[in-house]
Amino acid sequence: MMSWRSYKTLLKPIFKAISKPGIGNPHTPYEAELMAIGAKPVAIMSPSDITPDLQLAIDKGDVVKTGEKLFREHFRIYHRNDQNAEAALISNILSHAWNNHEDLNEQQAEQVVAFFALDSTKGNSDWNVLLHAEMSEHLNSLKNSDRYLKAGLLLEGHMKGLAPVRIDEGYPENKQLEKLVQTKRISALDFNTESCVQVYAQAAKVEDGRELFARYYNEGVEDYTELDNFESHKRVAHLLGFTENDFAWFWGTKYQNPVIKRLMYSTNQIRAKARREYMKSNISHDLSCE
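Everything quoted here is computed from the prediction, not taken from an experiment.

### Digging into unusual backbone geometry
At step 1: In this structure, the amide linkage connecting Thr 28 to the following residue, Pro 29, adopts the cis form with an omega of 5°.
At step 2: Its location among the elements puts Pro 29 in the loop between helix H1 (4-19) and helix H2 (31-36).
At step 3: Of note, the phi angle at Asn 25 is positive, near 45°, even though the residue is not glycine.
At step 4: Position of Asn 25 relative to the elements: it lies in the loop between H1 and H2.
At step 5: For Ala 117, which is not glycine, the phi dihedral falls at a positive 50°.
At step 6: Within the secondary structure layout, Ala 117 lies in the loop between helix H5 (106-115) and helix H6 (127-144).

### Re the nonpolar core
In a soluble, globular protein the nonpolar side chains are often hidden away together inside.
At step 1: By size, the foremost hydrophobic cluster in this structure holds 21 residues, and its most contacted members are Leu 94, Trp 98, Val 112, Phe 116, Trp 127 and Leu 131.
At step 2: Listed by contribution, the elements that provide at least two residues to this core are strand S2 (63-79), helix H4 (84-100), H5, H6 and strand S4 (187-202).
At step 3: It is H4 that contributes the most residues to this core, six residues altogether.
At step 4: Other than its neighbours up to four places away in sequence, Leu 94 contacts Val 112, Phe 116, Trp 127, Leu 131, Pro 164 and Phe 191.
At step 5: Grouped together as the second largest cluster of nonpolar side chains are twelve residues, Phe 71, Ala 201, Val 236 and Leu 239 included.

### Some thoughts on the packing of aromatic side chains
At step 1: Considering all chains together, one arrives at 13 aromatic pairs under this definition.
At step 2: Considering the side-chain rings of Trp 98 and Phe 191, the 6.1 Å spacing of their centres and the 40° angle between planes classify their relative orientation as tilted. With Trp 98 in helix H4 and Phe 191 in strand S4, the pair connects residues that are 93 residues apart, well separated along the chain.
At step 3: Relative accessible area serves as the criterion here: at 6%, Phe 191 is assigned to the buried category.
At step 4: A centroid spacing of 5.5 Å and a plane angle of 65° characterise the contact between Phe 230 and Phe 247, whose relative ring orientation is edge-to-face. Separated by 17 residues along the polypeptide, Phe 230 in helix H10 (residues 229-239) and Phe 247 in helix H11 (residues 244-251) bring together distant segments of the chain.
At step 5: The exposure class assigned to Phe 247 is buried, which follows from its relative accessible area of 5%.
At step 6: Clustering of aromatic rings is evident, with ring pairs tying together Phe 230, Phe 247, Phe 250 and Trp 251.

### Looking at the side chain of Glu 178
At step 1: Relative to the assigned elements, Glu 178 resides in helix H8 (residues 175-182).
At step 2: A distance of 2.7 Å separates polar atoms of two side chains, one belonging to Glu 178 and the other to Arg 76.

### What about the sheet that holds strand S1 (residues 42-45)?
At step 1: If you trace the four strands from one edge of the open sheet to the other, you get S1-S4-S2-S3, paired in antiparallel fashion. At either end of the open sheet lies a strand with only one pairing partner, and these are S1 and strand S3 (165-166).
At step 2: Where S1 meets S4, four bridges bridge the pair, whose relative direction is antiparallel. Opposite Ala 43, over in S4, you have Tyr 200 as the bridge partner.
At step 3: Here H4 sits on the sheet and contacts S2 and S4; the angle it forms with S4, its principal contact strand, is near 15°.

Calculation notes
- Think of each chain on its own: its residues are numbered from 1, step by step along the sequence as written.
- Restriction of local features to residues with pLDDT of at least 70 applies here, the model being predicted, together with a cutoff of 80 or more for giving and counting side-chain atom pairs; totals for whole chains, interfaces and linings are based on all residues.
- As a convention, hydrogens and water are excluded, and side-chain values are obtained from all of the structure's heavy atoms.
- Numbering of helices and strands runs from the N terminus, with a helix taken as a DSSP run of H or I at least four residues long and a strand as a DSSP run of E at least two residues long.
- Each nonpolar core is a collection of buried residues, namely Ala, Val, Leu, Ile, Met, Phe, Trp, Tyr and Cys, held together in the definition by side-chain atoms within 4.5 Å.
- Residue burial is assigned from relative accessible area. The probe radius is 1.4 Å, only protein chains are included, and a residue is buried under 20% of its type maximum, exposed over 50%, and partly exposed in between.
- We call two residues in contact whenever any of their non-hydrogen atoms come within 4.5 Å of each other.
- Working definition: rings of Phe, Tyr and Trp (its six-membered ring) pair if their centres are within 6.5 Å, and the pair is stacked with planes under 30 degrees apart, edge-to-face with planes over 60 apart, and tilted otherwise.
- Two N or O atoms count as a polar contact when they lie within 3.5 Å, although within protein this holds only if one can serve as hydrogen donor and the other as acceptor, and sequence-adjacent residues are included solely when both atoms are side-chain atoms.
- Should DSSP find at least two bridges between two strands, the strands are taken to pair.
- Axes, fitted as lines to C-alpha atoms, cover a helix only where it is in contact. Angles between the N-to-C directions of the axes lie from 0 to 180 degrees.

Structure, rendered in structure tokens:
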């Protein structure tokens, strides 16, 4: 009778093939597990993400903390003028959940999904994943233009509010939306979150962990080779263990056909699970796409 290890050896090529296309957040929610067994080189985590197995690896010195940062994030929700009360409710729900690293109850999750008109047909029922995907799409659109097409849906009454956008220093201002607020065609509500982030690295990858912290949080980055915006993001992705295809999906240079995009969203979870299994069976090998 074949052992589970033998079965996994036979399945390894299948796991590799399934997980080869780019994956959004490819190691979520398996980062702690992958770090604990040495399958992931570097990770950005919060204290609440540390599992007993990962803490044991840290205590043994197999995994090393290479940086820690306490910071506040400032968010703005643009919403219809008739949604002031609900926008305040939603901002309170999000700030409490994010500040305390807590999940929402079923009713709260439904309220968030409905308020931001999140697309649950993308194949994920997790409100947090759906919301952050929408926030990333919003941010990516602002990198290329100050227009955000969903503002039209808001004005036409098809949406109650737009996904929260960061308004910290260094984040692009949406001139279109700010003008709509100034002319009182829409409203805006701000909220803050406070969090602690920690960068951990395998003992053999401590220097990579330090570089990731420097580049990601712009602290001590002058000690490393200067990179333009694209190359800097690519380097961070590489340090985090992203494949070339993961980065291409994140940056929008591949998989942009509408049909392909929908397929990518709908299969993201199963492909992330396959990546997890492939990484667990391939710990000592290069994980980059061929």
